[in-house]
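# Coordinates in review
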Amino acid sequence: MWAAHPDSRFRFRQRLTLMILMAVLATGSTAALAAVPYLDANGKPLPVDTEEEVLEFLRTAKIVSKEKLGEGTNKSKRKIVLEKDGVRCNAVLRTGYKVVASGDTGFVDSYLSEVAAYELSRLLGFDNVPAVVRRKGGSIQIWIENARTLRSILKQDENPFSEEWVEQQRQVMKVFDNLIANTDRNPGNILIDDHDKVWFIDHTRSFAGQHELREPEAITGFDRDIWQQLQSLPDGTIEEVVGPYVRGYMPELLQRRRLLVDEISRRIAAEGADQFLFTLGQPD
Ligand SMILES: Nc1ncnc2c1ncn2[C@@H]1O[C@H](COP(=O)(O)OP(=O)(O)O)[C@@H](O)[C@H]1O
Ligand SMILES: [Mg+2]
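Heads up: these notes are all about the structure in this document. (Residues numbered from 1 in each chain as written. Chains lettered and ligands numbered in written order. Predicted model: local features only at pLDDT ≥ 70, side-chain atom pairs only at ≥ 80, totals over all residues. Heavy atoms only, no water.)

## Some thoughts on the site of ligand 1
- Taken together, the neighbourhood of ligand 1 is formed by 14 residues, with Lys 77, Arg 94, Ile 144, Gly 188 and Asp 202 sitting nearest.
- In this structure, a nitrogen atom belonging to ligand 1 sits 3.3 Å away from a side-chain N or O atom of Gln 141.
- Residue Asn 189 places a side-chain N or O atom 2.9 Å away from an oxygen atom belonging to ligand 1.
- Surface burial for ligand 1 is 79%, taken as the share of its 540 Å² of free accessible area covered by protein chains.
- Within the residue set of the shell around ligand 1, elements represented by two or more residues are strand E3 (87–94) and strand E7 (138–142).
- Along the lines of polarity and charge, the residues of the shell around ligand 1 split into seven nonpolar, four polar and three charged. (Near = heavy atom within 4 Å. Polar contact = N/O pair within 3.5 Å; in protein donor to acceptor, adjacent residues only side chain to side chain. Areas by Shrake-Rupley, 256 points an atom, 1.4 Å probe, with all protein chains shown as cover. Helix = DSSP H or I, 4+ residues; strand = E, 2+ residues; numbered from the N terminus. Nonpolar A, V, L, I, M, F, W, Y, C, P; charged D, E, K, R; others polar.)

## As for the sheet that holds strand E2 (residues 77–84)
- Pairing is antiparallel across the open sheet formed by five strands, whose spatial order is E1-E2-E3-E7-E6. If you trace the sheet from one side to the other, it starts and ends with strand E1 (62–68) and strand E6 (132–135), each paired once. Within this sheet the neighbouring strands show an average axis-to-axis angle of 30°, counted without direction.
- Relative to E7, E6 runs antiparallel, the two being bridged by four bridges. Considered in E7, the bridge of Val 132 is made with Gln 141.
- Its contacts with the sheet place helix H3 (residues 111–124) against E3, E6 and E7, and it is angled at close to 140° to E6. (Pairing = 2+ DSSP bridges. Axes fitted to C-alpha atoms, helices over the stretch in contact; angles between N-to-C directions. Contact = heavy atoms within 4.5 Å.)

## As for the coordination of the magnesium ion (ligand 2)
- Taken together, the protein ligands of the magnesium ion (ligand 2) are Asn 189 (OD1) and Asp 202 (OD), with distances of 2.1 Å. Residue Asn 189 is located in the loop between helix H5 (163–180) and strand E9 (190–192), and its partner Asp 202 is located in the loop between strand E10 (198–200) and strand E11 (222–223); the two are separated by 13 residues in the primary sequence. As far as burial versus exposure is concerned, Asn 189 and Asp 202 are alike and both buried. (Donors = N, O, S within 2.8 Å, 3.2 Å for Na, K, Ca; no water. Buried < 20%, exposed > 50% of the residue type's maximum accessible area, 1.4 Å probe, protein only.)

Here you go:
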């Protein structure tokens with residue numbers, strides 16, 4: 001049920017081959033193919049080979065300007081321009097840290113949680129959170145160029161994506177949001193770039209004080225590869241890599257991971273692995 005339609009896969013492969021051929025013809029080699037999916041402020045591929053180099057750029061580039069972010073009046077979030085060695089790149093600076101209590105559902109709104117979400121996503125193989133680093137009382141995240149929010153796509157008359165693909169993306173996101181206890185997923189916090197890559201952003205209201213899964217019933221399928229990682233990643237690795245950013249909320253995170261593994265294991269036992277697990281298909 002979740003397998004990609006063979007025709008659309010074939011079309012995608014054809015398109016990919018054509019794109020690679022065009023790149024090789026244009027440059028005379030394959031060396032210019034983008035190694036990471038990020039662009040500079042002019043929309044050109046960042047001249048780096050690895051995600052680590054992107055993180056290094058975010059940590060060390062000079063902040064050359066700051067402006068208000070989107071429609072929000074939130075002063076703790078700014079769109080900034082970074083520059084290093086002649087490369088300019090847009091980014092987001094988030095600096096807020098506050099404990100918000102409202103009724104029973106208090107939460108912490110922290111720039112550190114954006115970094116925690118990114119590090120955890122990488123450990124598990126979700127490649128949906130844009131690179132972000134902690135830097136002097138804030139977090140700096142690379143700007144995804146040429147992207148639209150899901151909110152703006154939903155305003156269009158026609159959704160350009162296949163139902164199956166949208167559903168798979170939703171399922172991946174639901175597992176991630178249950179894991180990080182995200183209280184703020186909304187269509188403004190999902191980006192889709194011009195290569196139809198889905199990005200999850202704005203995780204400052206995640207991770208705090210939630211021992212239970214927030215929305216287990218929303219999990220109706222999952223990605224086969226990430227499932228392997230979700231089961232096998234040692235607690236110690238999560239503590240080591242994500243610990244500095246979730247601080248005291250680590251026991252809750254490890255508990256949610258256990259609950260998620262139990263939940264998904266139950267569903268697989270009931271529905272069958274081939275029915276529940278999928279390999280991500282193509283958008284159209
Ligand atoms: N890394 C990013 N790349 C591209 N656009 C972004 C990025 N981060 C935020 N934005 C844009 O800025 C908007 C506001 O950012 P967000 O972090 O969601 O703050 P808030 O919702 O608190 O105003 C997003 O809806 C999106 O349009
Ligand atoms: Mg937002």
